[in-house]
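# Chains, contacts and geometry: an overview
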There are 2 protein chains.
Amino acid sequence: MRILLDGMGGDNAPEAIIQGAVSAQKLIDHEIIVIGQEDVILPAKKKHGGKKLGFVPASEVISNDDAPVKAVRSKKDSSIVKGIELVKNGEADVFISAGSTGALMAGGLFILGRIQGIDRPSLATVYPVIGQEPSLLIDAGANAECKPNNLLEFATMGSIYMEKVMGRKNPRVGLVNNGAEEHKGTTLTKAAHELLSRSPINFIGNVETRDLPNGVCDVIVTDGFTGNALLKLTEGMGLMVLRELKKRFTKNGLTKMGSLFLGKELVNIKSEFNYVEYGGAPILGVKGAILKMHGSSDKIAVEKTILKAIPYVENNVVDVIQNSTVEIEEIVQS
Amino acid sequence: MRILLDGMGGDNAPEAIIQGAVSAQKLIDHEIIVIGQEDVILPAKKKHGGKKLGFVPASEVISNDDAPVKAVRSKKDSSIVKGIELVKNGEADVFISAGSTGALMAGGLFILGRIQGIDRPSLATVYPVIGQEPSLLIDAGANAECKPNNLLEFATMGSIYMEKVMGRKNPRVGLVNNGAEEHKGTTLTKAAHELLSRSPINFIGNVETRDLPNGVCDVIVTDGFTGNALLKLTEGMGLMVLRELKKRFTKNGLTKMGSLFLGKELVNIKSEFNYVEYGGAPILGVKGAILKMHGSSDKIAVEKTILKAIPYVENNVVDVIQNSTVEIEEIVQS
């Protein structure tokens, strides 16, 4: 397996990317190749003992400030465009990047193309559940406005990813709604509920957001506007609560012993909130494997994402999604 | 001023309702009247020293299990229907209830009627901001599907309530969106952004949900589906984080001293999260004052809501909203 890593994307590139790749390389036998600008990547490889890592040059960089569609069309020799092309040509099995989500999505759509039968490819992301295994939230923001069949596609693709990559057996799929009862919801969620009920996935019905932090389901299905709002609120709440607790405990002048305990627990909880560490967000529904990492990914996040890429490729998630589309179409049309 | 209190609504009725009314009565000169079943309210009044409280009999009760519209139409002698009718007839200035939100909304619409020029009356609720004054979130769930002019109405009514009742000068109004930039968003949020920009309110633009816990704006404007999702996630996250911290600190066997500090801070933060204590959620856009309390309101919540009802009535919020509708219509039509 050839794992291709974007050496130019994210806040901590190229250092964290190379360091994470070097750590991962020690654990696996697969080939890891870094793509990026020669004068940036080669010195970093040398500095961090990355001589076993492969290298592919790409002279351009797409930044978060670039308009995604325009950048993908004009920066042909960027790490993102060239990286996704290498997946398309079969020269790499998966492309991993902490770069622009929009450009990765646009690149996936234009270069790899949609899987036939999938109307809207989607970005799925891990949702932190403290003290338990995380859930998967789909759509995380790629499709702000959705139709009922899109939510069925998200549910199906999310369920496949959760089972094949995260190893969750028979994952419970929940639909975000403003009430648990079947008859509640908007035009969209009511119609989606009906489609999901007829699907072979393990659909447990509507879920209310108050139960998401308790891990009420393995796959959280929602439109991209709501998904984006939920993810960012979770992030904001987590940071705020930890900051407030720290401030108050410091102010109260806890005993040294107590502070030590506290500090450790706060760090533990913070790290569990830090869903970037769980290993990448897949772009599902395109004809090839792309994993997006959080822009602030550190070397541990990079290492974990590389490890997650292996079952993604080995279990042929792209093909399994392709095979599910016949059933999706049957449900939608019946 | 005559403040009318539903003695039958909420998990802790009638005890907490009567106790809260008795506490509030000591602080204010206004008349407080409790409405409900004679055999329930009179003994509770007697038990908790509520002889100064007025009483109005209502033989029926609308529960959360009743279908709201049907209940409002059939249970004419319920505390909710009769209570709202007393507001309509001018026999009470405000009606406060911890009962069924749906029935209060339906009662407001059918009995009081919409303010002319307000397409969609809305439920607004306080959003907790730890360590600061709370924000107001509108719509909190009454209108799951909205049009751009509805969001302009919510923004205007929320801004008026925040200024007149919560005493916030020139409240900053933010529109929940999937990006801060003006061009980002759905068809709905883009059109709403355009309307809000032309409104005389203090519109600060799009806000991302990650900034809500930091109090990025005073009035959080969104459709009822998203509003419901954000409120319930905030509630769920708050409970989860506090529960996890408590569990871990207990497990680690903190020193007694440390535990005392911790326990106190956890209770403090929990109480700040407990937005029910801030005093009721107004149903805005109907021709009369209704305040909905959380179903689990305790006596402190009841007392605080009664106090909040005074500026609601004294500052003629209903009239001020009525006067704002000309401007709303001009913005929408231009």
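Quick caveat, the model's predicted, so the values are computed rather than measured. (Residues numbered from 1 in each chain as written. Chains lettered and ligands numbered in written order. Predicted model: local features only at pLDDT ≥ 70, side-chain atom pairs only at ≥ 80, totals over all residues. Heavy atoms only, no water.)

On to the overall build of chain A, then. Of the regular secondary structure elements, chain A holds eleven helices and eleven strands. Each principal axis of the C-alpha distribution contributes one length, and for chain A these read about 60 × 60 × 35 Å. Within chain A, buried positions represent 59% of all 334 residues. Within chain A, contacts between residues at least 6 apart in sequence are counted, and of these 71% link residues at least 24 apart. Split by element, the accessible area of chain A, about 13,300 Å² in all, is 49% carbon and sulfur. Treating the 38 positive side-chain charges of chain A as one cloud and the 39 negative ones as another, the clouds have centres 6 Å apart. (Helix = DSSP H or I, 4+ residues; strand = E, 2+ residues; numbered from the N terminus. Buried < 20%, exposed > 50% of the residue type's maximum accessible area, 1.4 Å probe, protein only. Contact = heavy atoms within 4.5 Å. Areas by Shrake-Rupley, 256 points an atom, 1.4 Å probe, with all protein chains shown as cover. Lys, Arg positive; Asp, Glu negative; His and termini not counted. Charge placed at Lys NZ, Arg CZ, Asp CG, Glu CD.)

Below, the discussion takes up a nonpolar patch on the surface. Residues and elements named next belong to chain A. Taken together, the side chains of V69, L109 and F110 make up a nonpolar region of the molecular surface, amounting to roughly 230 Å² of accessible area. Summarising the element assignment, L109 is placed in helix α5 (residues 101-112). The exposure class assigned to L109 is partly exposed, which follows from its relative accessible area of 32%. (Patch = residues over 30% accessible without salt bridge, like charges linked within 9 Å, V, L, I, M, F, W, Y side chains within 5 Å. Salt bridge = Lys/Arg side-chain N within 4 Å of Asp/Glu carboxyl O.)

With that settled, the discussion passes to the packing of aromatic side chains. Residue and element names in this part refer to chain A. For the structure shown, the criterion picks out two aromatic pairs over all chains. Ring centres 5.4 Å apart and planes at 85° place the aromatic pair Y161 and Y312 in the edge-to-face group. Linking Y161 in helix α6 (residues 148-164) with Y312 in helix α10 (residues 299-314), this pair joins segments that are 151 residues apart in sequence. You can call Y161 buried: its relative accessible area is 1%. (Phe/Tyr/Trp six-rings, centres within 6.5 Å; stacked < 30°, edge-to-face > 60°.)

All names here are of chain B. Taken in spatial order, the eleven strands make up an open sheet running β3-β2-β1-β4-β11-β10-β5-β6-β9-β7-β8, and their pairing is mixed. Looking along the sheet, the strands with just one partner apiece sit at the ends: β3 (54-57) and β8 (202-207). Neighbour-to-neighbour, the strand axes of this sheet turn through a mean angle of 25°, independent of strand direction. Bridge count between strand β1 (residues 2-6) and strand β4 (residues 94-97): three bridges; the pairing is parallel. Bridge pairing in β4 places L5 opposite I96. Helix-sheet contacts for helix α5 (residues 101-112) involve β4, β5 (122-127), β10 (281-284) and β11 (289-292), and the interaxial angle to β11 is about 175°. (Pairing = 2+ DSSP bridges. Axes fitted to C-alpha atoms, helices over the stretch in contact; angles between N-to-C directions.)

Residue and element names in this part refer to chain B. Across the interface, helix α1 (residues 15-27) lies against helix α10 (residues 299-314) with an axial gap of 7 Å and an inter-helix angle of 45°. Taken together, the axis directions place α1 and α10 in an arrangement best described as oblique. Note on packing geometry: the crossing formed by α1 with α10 is right-handed. Between α1 and α10, the residues in contact are A16, I17, Q19, G20, A21, S23, A24 and L27 and K299, V302, E303, I306 and L307, respectively. Across the contact of α1 with α10, the residue classes break down as eight nonpolar, three polar and two charged. (Parallel < 35°, antiparallel > 145°, perpendicular 65-115°, else oblique. Left-handed = near helix turned anticlockwise from the far one by under 90°. Nonpolar A, V, L, I, M, F, W, Y, C, P; charged D, E, K, R; others polar.)

Residue and element names in this part refer to chain B. For I160, the location among the structural elements is in helix α6 (residues 148-164). For I160, a relative accessible area of 12% puts it in the buried group. Excluding anything up to four places from it in sequence, I160 contacts V165, V317, V320, I321 and S324.

It is worth spelling out the nonpolar core at this point. Note on soluble globular proteins: their nonpolar side chains tend to be buried together. Core analysis: the largest hydrophobic core is formed by 88 residues, its most contacted members being A:I84, A:F95, A:Y127, B:I84, B:F95 and B:Y127. When sequence neighbours within four positions are dropped, the list of residues in contact with A:I84 reads A:F95, A:L104, A:G107, A:G108, A:I111, A:L112 and A:I290. (Core = buried A, V, L, I, M, F, W, Y, C linked by side-chain atoms within 4.5 Å.)

Right, let's get into the sheet that holds strand β11 (residues 289-292) of chain A. Residues and elements named next belong to chain A. Spatially, β3-β2-β1-β4-β11-β10-β5-β6-β9-β7-β8 is the arrangement adopted by the eleven strands of the open sheet, whose pairing is mixed. On the outer flanks of this sheet lie β3 (54-57) and β8 (202-207), each paired with one strand and no other. Shown here is a sheet whose adjacent strand axes are inclined to one another by a mean of 25°, direction ignored. In this structure, strand β4 (residues 94-97) lies alongside β11, joined through four bridges in parallel fashion.

Moving on, we come to the pattern of salt bridges. Using the criterion set out here, one finds 20 salt bridges over all chains in the structure. When the shortest N-O distance is used, the salt bridge between A:E208 and B:K232 registers 2.2 Å. Here B:K232 lies in helix α8 (residues 224-251) and A:E208 lies in the loop between β8 and β9 (219-221), a pairing that spans two chains. You'll find A:E208 and B:K232 in the same group, each marked buried. Via salt bridges that share partners, A:E208, A:R210, B:K232 and B:E235 belong to a single interconnected network.

Residue and element names in this part refer to chain A. Among the residues making up helix α2 (residues 38-47), those that are buried are I41, A44 and K45. In an axial view of α2, the angular spread of the buried residues amounts to 105°, which keeps them on one side of the axis. Residues of α2 that are exposed and point over 90 degrees away from its buried face: D39, K46 and K47. Of the residues trailing α2, G49 is marked for its positive phi of about 70°. (Arc of directions from axis to C-beta.)

As a further point, take the pairing of β11(A). Residues and elements named next belong to chain A. Here β11 shows a buried face lined by A289 and L291 and a second buried face lined by I290 and K292. With two bridges joining them, strand β10 (residues 281-284) and β11 adopt antiparallel strand pairing. Note on β11: the bridge partner recorded for P282 is L291. Hairpin connection of β10 to β11: four residues between the antiparallel strands, including G285 at a positive phi of 105°.

This part covers the confidence of the model for chain A. Averaged over every residue, the pLDDT of chain A is 92; residues scoring 70 or more account for 91%. Listed scores for the predicted complex are pTM 0.92 and ipTM 0.91. (pLDDT = per-residue confidence, 0-100.)

This next bit is on the environment of B:I328. All names here are of chain B. The residue I328 is located in helix α11 (residues 317-333) in this model. Residue I328 is classed as buried on the basis of its relative accessible area, which comes to 4%. Once the C-alpha coordinates of I328 and V165 are considered, the two residues, 163 residues apart in sequence, prove to be 21 Å apart. Filtering out sequence-adjacent residues up to four positions away, I328 remains in contact with I118, L152, E153 and T156.

Glancing now at unusual backbone geometry. Cis geometry is found at the peptide bond from B:A13 to B:P14, where omega equals 0°. The residue after B:I138, namely B:D139, is reached through a cis peptide bond having omega 10°. Unusually for a residue other than glycine, A:N170 sits at a positive phi of about 45°. Examined against the element boundaries, A:N170 turns out to sit in the loop between α6 and β7 (172-176).

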